[in-house]
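The primary structure of each chain is shown beneath.
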Amino acid sequence: MARKGTGRSVVISTLAAWLVGFLIFFPILWMVLASFKTELEAFATPPSFLFFHWTTENYVTVQERSDYLHHAFNSIVIAGGSTLLALLIAIPAAWSMAFSPTKRTKDILLWMLSTKMMPSVGVLVPIYLIFRDFGLLDTRIGLVFLLCLGNLPIVIWMLFTYFKEIPRDILEAARMDGATIGRELVYVLTPMAIPGLASTMLLNLILAWNEAFWTLNLSTLEAAPLTTFIASYSSPEGLFWAKLSAASTLAVAPILIIGWFSQRQLVRGLTFGAVK
Amino acid sequence: MGRITLEGVQKSFGPVHIIKGADLDIPDGAFVVFVGPSGCGKTTLLRLIAGLEDVSGGRILIDGNNVVDVPPAKRGLSMVFQSYALYPHMSVRGNIAFGLKMAGLPKAEINQKVEAAAATLNLTPYLDRKPRELSGGQRQRVAIGRAIVREPKAFLFDEPLSNLDAALRVQMRLEVTRLQKQLGTTAIYVTHDQVEAMTMADKIVVLNAGRIEQYGSPIELYQRPANLFVAGFIGSPKMNLITGEEAARRGATTIGVRPEHVAIVDEGGEGWRGEVLVAEHLGSDTFLYVDAGPLGTLTVRCVGEKRLTAGDHVTLRPEPSRVYRFDGNGTAIFG
C-alpha cells in the first residue's frame, strides 16, 4: 500500500465504487421492492421507487399457492448433497494430481474442463432418456448425481490449484517427523487446505443452488427446487410481477445471506487460487 | 549411535543419472558437509539418506541396518529444510512438539522436552507465536529445534542458512557447530558455500556431476586435493592453475598454486614476471590480480598492506613445496 491517494481522488474513487456497486445491485433491489408492491403498482409507468402502497400480501399468496418450504428443502438437499458428493470425489482426485502428478495429469485436467464447454442442451435428450429409464425423473437423488457430475470438473480444478500451493517441503517435514499418510492428512494438510476447501464448497453450493437448466427440465413437483418454484410464476396466462418478485426474493434470500457472511472466502474462490 | 554408510548408491530420474555410485562411511558423531556446485547431486544424496527419494541401486546402512526400504519416518533421522518448512498453522511450541506427538509420548514429557529445546535455542519467549510472526533467524531456530527435540540418530541439513543475511549466517554457523558438538549427534550438512564447508565440517565430501571427488578433513582437502576439481573448488580465492611449458617443465600437464603461496620478490630476482591489473586493499590482506603473460592472470594474496597499484611490474615466486601437479586426466601427482 505504498500509494496513498490525495483527499479528492479518494472521494472520487469511493463515489465511483459505490456507483458501480449500486448499478450491479440495482436489479436485486428492484426485485425486493417490487415484491412489496401490489400487482398494479408493480408494472406501473412511470414506476414508483419508494412511495407506493407497501404490502406483504404477495408473500402470503405465494406461500398459499405453492409450498415454499417444500421447494427450499429440495434446494438444500440438491445443492448440499451434490456439493458434498463432489467434494468426496474431488478431494482424493485433486490430491493425487497435485502431489504425485504423472505425464498425463495436465491432459486429464484439460479433458475434464472441456466437458464444461459443451452446451447442456446438447445432451438433454440422452440424459432425459437415461433418467426416464432409470426412474430418476423428478427425484432428488437424480438431481444430486447430475449436478455433482456437472460441477465436478470445476471443483477438482479449484482444489487442485489450492493443493498445488501447499509447499511440498512441509509435507516432507511432516513425514520426517514421523507422521503417517493419514496423520499427515489430518494434522498438516487439512488445516492448511481449509480456506481452499471452504471457498470451493461455497462456490459449488451457489452454483448448484442457482442451477436452472437441469432442475427445470428434470423435475416437476416432488424434487422441484426453488428454481422451479420461481419459474412457476412466469406463466403463459400473464405475468404476475409482484408475485414473481416475492418468490424470487424468497429463493435467493438464503444464498444471499450465506454469501454475505462468507465474502472473503468467496472472493478467493472466484479468483480460482490465482491470488497468493 | 548414528553411523551412516553408503554402498554404491545410485539414483536416476528416467534416463538422467543424478548419483553415479556413491560410497561413503560417516562415523558416529561426525559433522560431514556435502559441498559442490549447483546440480552436482548433493541435495539428492541427502534426500536419499532421508528416504524422501528412493535409491535406484546400492545400499544405505544406518548403524549397520540397510534402510533403503524403510520409510523416512522410521529411519530415526531429522531434517532441517532450506525453506524451514514450518507448519504455518501451528505455534512454535506445536511445531517443535509435532514429532514427539507423532511418536506418542506423554504430554508432560513432550512439554518438558520442548521447553528444554526452546531454552537451548533462545526461543522460550516465542513459544506461543506463529511462524509468520518470527524473523528469518528465529524461524531457522525453530526448524533446528524441531530437529533436535526428537533426539535423532543424525541431523540432515539442506542448505539451512542460505536464506539468511550474511551477518546472521556467520552467527548461525557458529551456533549450529556448537550445538552439534554439544549433542554429539552425527550431522550431514549440504551447502554450495565452500567457506561454510571448511569452517563447519569434521569431514568434507566434494561432489561433482553425481560423483564423490574426494572425502577428507578440510585441511586434507586444502593440502592434498585429489584432482583439479577439488583443487579449484576448495580455497578462497581460487587456486591459480597454469598449463603449457611452465607445467611441462615440472613434469605435469597442469600445475596449481594457491594465491597465498605466491610471494612477491624484489625486481630482478628469479620468478614469474607480470603487471598488476587490479589491486584490492582489504587492510588485513592485499589481493593482486597479475597479468603474467603466457601464464595467464594470476591471483596473489599478500598478508598486510602492500603498496602496489595497477600498472606496477612485479616478480612472483611460488613456494616450491606448495606447487601441485596434475596429469592429463586432472588427477593429482604426489611425490
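Note that the structure is a prediction, hence the values are computed from the model and not measured.

Scoring rules and cut-offs
Residues numbered from 1 in each chain as written. Chains lettered and ligands numbered in written order. Predicted model: local features only at pLDDT ≥ 70, side-chain atom pairs only at ≥ 80, totals over all residues. Helix = DSSP H or I, 4+ residues; strand = E, 2+ residues; numbered from the N terminus. Buried ≥ 20, exposed ≤ 12 C-beta atoms within 10 Å, placed from the backbone. Contact = placed C-beta atoms within 7 Å. Pairing = 2+ DSSP bridges. Expected span 1.5 Å × (residues − 1). pLDDT = per-residue confidence, 0-100. Domains from an automatic or database assignment. Nonpolar A, V, L, I, M, F, W, Y, C, P; charged D, E, K, R; others polar. Axes fitted to C-alpha atoms, helices over the stretch in contact; angles between N-to-C directions. Left-handed = near helix turned anticlockwise from the far one by under 90°. Core = buried A, V, L, I, M, F, W, Y, C linked by C-beta atoms within 7 Å. Parallel < 35°, antiparallel > 145°, perpendicular 65-115°, else oblique. Bend = angle between axes of the 7 residues up to and from the residue.

**Student:** Hey, could you run me through the overall build of chain B in this one?
**Tutor:** Within chain B one finds nine helices and 19 strands. In terms of principal-axis extent, the alpha carbons of chain B reach across some 80 × 45 × 30 Å. Among the 335 residues that make up chain B, the fraction classed as buried is 40%. Long-range pairs, those at least 24 residues apart, make up 63% of the contacts in chain B between residues at least 6 apart in sequence.

**Student:** Any chance you could explain the overall build of chain A here in plain terms?
**Tutor:** If you tally the helices and strands in chain A, you get 13 helices and two strands. C-alpha atoms of chain A, sized along the principal axes, occupy 70 × 65 × 30 Å. For chain A, the residues scored as buried account for 32% of the 276 residues in total. Partitioning the contacts of chain A with sequence separation of at least 6, the portion at a separation of at least 24 is 78%.

**Student:** Looking at this structure, I do not really get the pairing of strand β13 (residues 262-265) of chain B. What am I missing?
**Tutor:** A regular strand places its side chains on the two faces of the sheet in alternate fashion. Residue and element names in this part refer to chain B. Judged by which residues are buried, β13 turns out to be one-sided: V262 and I264 face inward and are buried, whereas A263 and V265, on the alternate face, are not. Sheet topology places β13 next to strand β17 (residues 313-318); four bridges connect them, and they run antiparallel. The residue of β17 that forms the bridge with V262 is P318.

**Student:** Please explain helix α5 (residues 166-183) of chain B as it appears in this structure.
**Tutor:** It helps to recall that an α-helix has 3.6 residues per turn; residues three or four apart then point in one direction. Look at α5 of chain B: 26 Å from first C-alpha to last across 18 residues, which is about the 26 Å you get at 1.5 Å a residue. The positive-phi residue at the C-terminal boundary of α5 of chain B is G184 of chain B, with phi of around 65°.

**Student:** Would you mind showing me how to read the confidence of the model for chain A here?
**Tutor:** Predicted coordinates in regions of low pLDDT should not be interpreted in detail. Averaged over all residues, the pLDDT of chain A equals 85, while 93% of them reach at least 70. Throughout residues 272-276 of chain A the model reports pLDDT below 50, and contacts reaching past four residues in sequence, or to other chains, amount to eight contacts.

**Student:** I tried to follow the domain arrangement of chain B on my own but got confused; where do I start?
**Tutor:** In many analyses, interface size is given as the accessible surface area lost on bringing the parts together. Residues and elements named next belong to chain B. Here the domain parsing of chain B yields domain 1 (4-232) and domain 2 (237-328). Centre-to-centre separation of domain 1 and domain 2, based on C-alpha positions: 38 Å. A class-by-class count of the residues in the side of domain 1 that touches domain 2 yields three nonpolar, two polar and no charged.

**Student:** Which parts of the structure should I look at to understand the domain arrangement of chain A?
**Tutor:** Segmenting chain A into domains produces domain 1 (1-25) and domain 2 (64-270). Computed from C-alpha coordinates alone, the two centres of domain 1 of chain A and domain 2 of chain A are separated by 34 Å.

**Student:** What's the story with the packing of helix α5 (residues 105-114) of chain A against helix α7 (residues 140-165) of chain A in this structure? I'm lost.
**Tutor:** Two packed helices can be described by the angle between their axes and the distance between those axes. Residue and element names in this part refer to chain A. Where α5 contacts α7, the axes come no closer than 8 Å and their chain directions differ by 140°. For α5 against α7, the interelement crossing comes out left-handed. Every residue of α7 that contacts α5 at L109, M112 and L113 is listed here: P153, I156, W157 and F160. Classifying every residue of the contact of α5 with α7 by side-chain character gives seven nonpolar, no polar and no charged.

**Student:** How should the confidence of the model for chain B be read in this particular structure?
**Tutor:** Averaged over chain B, the pLDDT score is 92; the fraction of residues at 70 or greater is 100%. Taken together, the chains of this predicted complex give a pTM of 0.77 and an interface ipTM of 0.83.

**Student:** What should I look at first to understand the nonpolar core in this one?
**Tutor:** Burial of nonpolar side chains together is a common tendency in soluble globular proteins. L156 and I188 of chain B are the most contacted members of the largest nonpolar core, which totals 146 residues. Looking at this core, the element that brings in the most residues is α7 of chain A, giving 14 residues.

**Student:** Help me out: how do you make sense of the environment of S236 of chain B in this one?
**Tutor:** Residue and element names in this part refer to chain B. Mapped onto the elements of the fold, S236 is located in the loop between α8 (228-233) and β11 (240-243). By the C-beta count within 10 Å, which is 13 here, S236 ends up partly exposed. As a C-alpha pair, S236 and A147 span 89 residues in sequence and 32 Å in three-dimensional space. Those residues in contact with S236 that lie beyond four places of it in its chain are Q194 and V195.

**Student:** Looking at this structure, I do not really get the sheet that holds strand β9 (residues 203-208) of chain B. What am I missing?
**Tutor:** Hydrogen bonds along the backbone pair up the strands of a sheet, which may run parallel or antiparallel. Residues and elements named next belong to chain B. The strand order β6-β7-β8-β3-β9-β10 describes an open sheet built from six strands, whose pairing is mixed. Sheet topology places β6 (77-80) and β10 (211-216) at the edges, where each strand pairs with a single neighbour. The average angle at which neighbouring strand axes cross in this sheet is 15°, direction not considered. Here five bridges tie β9 to β10, and the two strands are oriented antiparallel to one another. Within β10, the position partnered with V206 by the bridge is Q214. Sheet contacts for helix α4 (residues 136-148): β6 and β7 (154-158); angle to β6, the most-contacted strand, approximately 175°.

**Student:** Mind showing me how you'd approach the sheet that holds strand β12 (residues 254-257) of chain B here?
**Tutor:** Residue and element names in this part refer to chain B. Judged by pairing direction, the sheet is antiparallel, and its four strands sit side by side in the order β11-β12-β18-β19 without closing on themselves. Pairing within the sheet leaves two strands with one partner each, and these edge strands are β11 and β19 (332-333). Bridge count for β11 against β12 is four bridges, and the pairing is antiparallel. Across the sheet, residue L241 finds its bridge partner in β12, namely G256.

**Student:** Sorry if this is basic, but what is going on with the environment of K42 of chain B here?
**Tutor:** For K42 of chain B, the position within the fold is in helix α1 (residues 42-50). Those residues in contact with K42 of chain B that lie beyond four places of it in its chain are F34, V35, G36, V190 and L207 of chain B.

**Student:** Whenever I open this one, the interface of chain B and chain A confuses me. Can you help?
**Tutor:** Taken together, the contact between chain B and chain A spans 16 residues of the former and 14 residues of the latter. Contributing elements (two or more residues each) for the side of chain B that touches chain A: β6 and α2 (92-102) of chain B. When residues in the side of chain B that touches chain A are grouped by element, the largest group, three residues, is from α2 of chain B. Looking at side-chain class alone, the side of chain B that touches chain A contains 12 nonpolar, four polar and no charged residues.

**Student:** What is the right way to read the packing of α7 of chain A against helix α9 (residues 181-210) of chain A from this model?
**Tutor:** Residues and elements named next belong to chain A. Direction vectors running N to C along α7 and α9 enclose 155°, while the axes themselves pass 10 Å from each other. With respect to each other, α7 and α9 are oriented roughly antiparallel. Taken as a pair, α7 and α9 cross one another with a handedness that is right-handed. Listed contacts from α9 to L147, N151, V155, M158, L159, Y162 and F163 of α7 are A193, G196, T200, N204, L207 and A208.

**Student:** So what exactly am I meant to see when it comes to the pairing of β6 of chain B here?
**Tutor:** Residues and elements named next belong to chain B. Burial along β6 is two-sided: the residues L77 and M79 and S78 and V80 are all buried. In terms of strand pairing, β6 meets β7 through four bridges, oriented parallel. Along β7, the bridge assignment pairs S78 with F155.

**Student:** Sorry, what's going on with helix α4 (residues 68-99) of chain A here?
**Tutor:** Residues and elements named next belong to chain A. Compared with the 46 Å implied by 1.5 Å per residue over 32 residues, the 45 Å span of α4 between its first and last C-alpha is a close match. Where α4 bends most, at A90, the angle is about 30°, and the proline P92 comes one to four residues later. Buried-residue contacts for α4 involve α5, α7, α9 and α11 (226-231).

**Student:** Just to check I follow, could you spell out unusual backbone geometry for this structure?
**Tutor:** As a rule of thumb, non-glycine residues mostly have phi less than zero, and peptide bonds are mostly trans rather than cis. Residues and elements named next belong to chain B. Residue P237 follows S236 across a cis peptide bond; omega there is -5°. Relative to the helices and strands, P237 is located in the loop between α8 and β11. Although it is not a glycine, Y84 sits at a positive phi angle of roughly 70°. When you line up the elements, Y84 lands in the loop between β6 and α2. Phi is positive for A85, close to 50°, though the residue is something other than glycine. Along the polypeptide, A85 turns up in the loop between β6 and α2.

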